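# Analysis of the macromolecular model
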Number of protein chains: 4
Amino acid sequence: MSKVRNWWWFIDRIGDYEAHMHAITRTVHHENTEFQEVGIVDSATYGKILVLDGDMQSSQKDEFIYHESLVQPAMMSHPNPEKVLILGGGEGATLREALRSKTVKKVVMVDIDKRLVEICKEFLPEYSCGAFEDPRAELVITDALHWLENSNEKFDVIIGDLTDPWPQAPSHGIYSVPFFKLITDRLNEGGLFVTQSSRITFADMHLHNILFETMSKVFPILRTELVYIPGYDMPWSYTIASYTTDPLKISKEEIDSRIAERIGDCLKFYDGEMHHSIFALPKYIREKRKQFLESPDKREEKESVFII
Amino acid sequence: MSKVRNWWWFIDRIGDYEAHMHAITRTVHHENTEFQEVGIVDSATYGKILVLDGDMQSSQKDEFIYHESLVQPAMMSHPNPEKVLILGGGEGATLREALRSKTVKKVVMVDIDKRLVEICKEFLPEYSCGAFEDPRAELVITDALHWLENSNEKFDVIIGDLTDPWPQAPSHGIYSVPFFKLITDRLNEGGLFVTQSSRITFADMHLHNILFETMSKVFPILRTELVYIPGYDMPWSYTIASYTTDPLKISKEEIDSRIAERIGDCLKFYDGEMHHSIFALPKYIREKRKQFLESPDKREEKESVFII
Amino acid sequence: MSKVRNWWWFIDRIGDYEAHMHAITRTVHHENTEFQEVGIVDSATYGKILVLDGDMQSSQKDEFIYHESLVQPAMMSHPNPEKVLILGGGEGATLREALRSKTVKKVVMVDIDKRLVEICKEFLPEYSCGAFEDPRAELVITDALHWLENSNEKFDVIIGDLTDPWPQAPSHGIYSVPFFKLITDRLNEGGLFVTQSSRITFADMHLHNILFETMSKVFPILRTELVYIPGYDMPWSYTIASYTTDPLKISKEEIDSRIAERIGDCLKFYDGEMHHSIFALPKYIREKRKQFLESPDKREEKESVFII
Amino acid sequence: MSKVRNWWWFIDRIGDYEAHMHAITRTVHHENTEFQEVGIVDSATYGKILVLDGDMQSSQKDEFIYHESLVQPAMMSHPNPEKVLILGGGEGATLREALRSKTVKKVVMVDIDKRLVEICKEFLPEYSCGAFEDPRAELVITDALHWLENSNEKFDVIIGDLTDPWPQAPSHGIYSVPFFKLITDRLNEGGLFVTQSSRITFADMHLHNILFETMSKVFPILRTELVYIPGYDMPWSYTIASYTTDPLKISKEEIDSRIAERIGDCLKFYDGEMHHSIFALPKYIREKRKQFLESPDKREEKESVFII
């Protein structure tokens, strides 16, 4: 970094009226793949930052929070997860988390962007940490929807680690009732599906609400985690969906005992104490979502979330 | 706001490497009081924002999160709070929250900055919402430490709503063992003390750790809440201290029943569901604090928190 | 200003890829008039800054550069300016400059925005410096085009001090061949017309070229000044138009002698030495403009200047 | 560049209260050499930008303005420049400009930072444009001051293309009376020395004034050019020094004829028309400098220019 002053900044714009500034110390890699602009920059506070199409995805120093929150609450809610499917997840950190459990015999990861996976392997090796070389891991490069339509394989846990469905993102248009029905077809009995379900901020939970509403048309049990991601400067949501398994019915002690048995002591964010805490949404958030779901006609007029 | 573009920004710098940008739509008031620079600006996302010496204090739209978190968990942990003391709290929102409980017979608020209180009454009336006119409220303009030293009055709940003790802040130097001992002298049996205890972010919880350590030399029971404040773009901590009353020993149902009895349905952030959730700290935060407390000699060399 | 740090910024966006940041110390006034958003903020470097619809107009400390450049080269190129017309000019500084010459017997200023004039009188009195009270000054509040169409008065110098014709600006659509023909009808023999003619930067001189081309269809003599305005962080252009009087034909010595006779020693930017210098455009600017004028069919495809 | 939005910015801070933002599209190279931090980033507006220790040096698209202004006015003021010395000039563009004149038989370029020269050759080849391969060019890697002290070679034109002497810059401490005396010893009769002489902005010409004052103790003829550099968003100064040759005594026509003879038509910024124009300083700048030089005791108390 300059001895003199910070001159290089990543300005993460959040709508028109808010932005977060991160001082950059160097560029690690920058490339336009077939599907998206991939930037990896090094920052003073968060280490390497992965930026896709101008959107911060994750950072080296705090990605454990994002990825443990995405993977472990669903995994630990399942009594014995052996087969796991990951949709997206280019960085390889979701794969790493899924493979942590000794119970797991096979993880299939389906990502559309081959170059992104290669770039992450080369420039963000701390993320996958060897996971791609694990004999239990199988990487398939193709469109997630297409793969689901053409496979008969069933899984105990399915993890959606796709980018937000903005208009130009590879994931655009994927979150729909038919998609979620396909997911249920590929779940074993007692299986769980978890997906990142976008930001829930004071100013904006519109995309989350739409996803939640769509999922509620397919899954009887839905539980939303809300976790503050330091590098995002805001909380992120994950929604666990199931026909039969309710994460809230599992005690703190049971979670700690399953972690100890299957993984040991290496998690840094998630444990029994956090398990129930992350599912508690502030009262006003619960009410905003309820109002959205119950009064489709009264929804605030809003510029489409798909234009930023 | 300009029909054309956003040109006016509040840039909230967080150390040298991070900053949050908020688009401003107008200035409500700006004045240098005897003690600090007071700015009130209107923002696109958060409504009016109060800025003291360049530090964001609170915003009109999300202050309910800050102030409910500061006041209600301590109040609801007490079986019957009748007398409350507030140190600082110029905006009047802490006073408003304390007065919500029907059990309360008297609230004394001690703030050093008379002009700040007047400015907030005039330009942020939504914050105090008439609280200063409540016959149970008594406002004393003086130095909090000085007042404590010269009073014999005792309270059920004492609330510290002072700014972070940066070198030029009016609160500089106030958080010390003698100060906390004074606090205990002024608490009735079973009483609770709660104070905002600074940011706990990924990059920085140094000031929190120092406060926590100092408080732990005086109080046997300490419980830290961690709450994401949207306008801060980060979580803020509050620490509840007591000799006998442990907020974690009170059930979700008991909290909801106390709220219903004493207040009714007007809270927007806090309820029984949130009560236990806000006291759960992420595993790595708990470990960072433990390490700080247990190994004074191994504390990371760090530029003083008092220089920003 | 905060003793601690700069938190308040005016970010002057120049297209999508460039911006200038100015630290603000306080807000002087902010109001939406019938025609535009008027902001007056105080800055660390430039004193008070006038911002109209998000565009920086002028600053207290460097407005002498803008206004001397607009008014004096045209005034001093005229042998004996007695009657002057100002179109726009709400701040009153153009009026002040026009009244400096002892030769002047009458200045009519026509501005559409009554509130803007009042705001500037109250909050930027250093700009007009008493000019509105000068018995030779006549202020007319109406649309400039409308006034020109309904008046028979003739002038020695006509000064266009209107904002850039962006779509939502009051000046939108005013710069046209019929408008410039009206101007020539109101000029006495030997008279000069001068107008600010927008930015000429490395990246963008499109609006200037359009104005220059339109003016060239009416006036045989056109001379463009290019002057760096510190507060804009870029050069600004002014174009002097005439049928018979060429500013370049007047010697440095003659300019200095006219200034001495008519004004004395109070100018701070302009004198004989600067007179010829400001009309010299860099070679690449001259060639860019030539190319624009000579090859209408080869003009670079360009997003309309009217969308920023 | 991202199809979606600009997320990557170079923020060029100018003191504490001003900054210029440039949107970046990619990083070309980044390296800490033995002497300085070298960043080359690509920008939306200016093409590649060279940043040394956080200070913008030059950009691909507008460097012709900087380098023609530095080299050609001095070269064209000399009746027959055959030998040229460049101090600094790592990018190679100054070398390119010096070699343009057919009269030139030899150019020695002395730069301390070997890696910087190599980096510029590799990543900014448009700057030097083959100049390093010209048989008339001789590159010496050493400290400029040291080289001057140990050489007896004499030159017609000596060009100082060093960074501003900020405390940590390689050029720190070089601009002194003994240094300028060394320069005069190495000038042939009728020779000229030219150096970039720092910014002259509204807010700050302190460093320029110090340099000018120091040079005035050695050279009887000093002429300062002031040229707006688009990428800097401000004007930059160059000072030509000589014992006998005054650039202002050479006519516009003579300059154009010398350019035509020696170079032909390839210059893009400088020609006879610009020659006299760039030496004209605004009246207030002339007066500020005069005041600085004449009243050493009345100089405004000022934080050292060497701390930014």
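Described below are features of the structure shown in this document.

What counts as what
- Residues numbered from 1 in each chain as written.
- Chains lettered and ligands numbered in written order.
- Predicted model: local features only at pLDDT ≥ 70, side-chain atom pairs only at ≥ 80, totals over all residues.
- Least-squares fit on C-alpha atoms with pLDDT ≥ 70 in both.
- Contact = placed C-beta atoms within 7 Å.
- Helix = DSSP H or I, 4+ residues; strand = E, 2+ residues; numbered from the N terminus.
- Nonpolar A, V, L, I, M, F, W, Y, C, P; charged D, E, K, R; others polar.
- Pairing = 2+ DSSP bridges.
- Axes fitted to C-alpha atoms, helices over the stretch in contact; angles between N-to-C directions.
- Core = buried A, V, L, I, M, F, W, Y, C linked by C-beta atoms within 7 Å.
- Buried ≥ 20, exposed ≤ 12 C-beta atoms within 10 Å, placed from the backbone.

### Some points on the relation of the copies chain D and chain C
Turning chain D through 180° and shifting it by 0.0 Å along the axis lays it on chain C, with an RMSD of 0.0 Å. One copy is carried onto the other by what is essentially a two-fold rotation axis. The fraction of interface residues of chain D whose copies in chain C are also interface residues reaches 100%, indicating that both copies meet through the same surface.

### A look at the interface of chain D and chain C
Between chain D and chain C, the contact holds 33 residues from the first and 33 residues from the second. Secondary structure elements with two or more residues in the side of chain D that touches chain C: strand 2 (18-32), strand 12 (234-242), helix 9 (272-277) and helix 10 (283-294) of chain D. Of all the elements, strand 2 of chain D adds the most residues to the side of chain D that touches chain C, at six residues. Its residues assigned to classes, the side of chain D that touches chain C shows 18 nonpolar, six polar and nine charged.

### Regarding the sheet that holds strand 6 (residues 83-88) of chain C
Pairing between the strands of a sheet comes from backbone hydrogen bonds, and it takes one of two forms, parallel or antiparallel. Residue and element names in this part refer to chain C. Taken together, the seven strands give an open sheet; going across it, the order is 8-7-6-9-10-12-11, and neighbouring strands pair in mixed fashion. The open sheet is flanked by strand 8 (137-141) and strand 11 (221-229), the only strands paired with a single partner. Each strand axis lies, on average, 15° off the axis of its neighbour in the sheet, ignoring direction. Across five bridges, strand 7 (residues 106-111) lies against strand 8 in parallel orientation. When the sheet's bridge partners are listed, Asp111 is paired in strand 8 with Ile141. Each of strand 10 (187-199), strand 11 and strand 12 (234-242) touches helix 7 (residues 206-216); the most contacted strand, strand 10, lies at about 160° to it.

### Notes on the arrangement of the chains
There is a gap between chain A and chain C: no contact, and a shortest C-alpha distance of 13 Å. The least C-alpha distance between chain B and chain D, which are not in contact, is 13 Å.

### Notes on the nonpolar core
If you look at the biggest cluster of nonpolar residues, it comprises 332 residues, and the most contacted ones within it are Ile159(A), Ile159(B), Ile159(C) and Ile159(D). If sequence neighbours within four positions are ignored, Ile159(A) has contacts with Leu70(A), Val71(A), Ala74(A), Val84(A), Leu85(A), Ile86(A), Leu87(A), Thr94(A), Ala98(A) and Val194(A).

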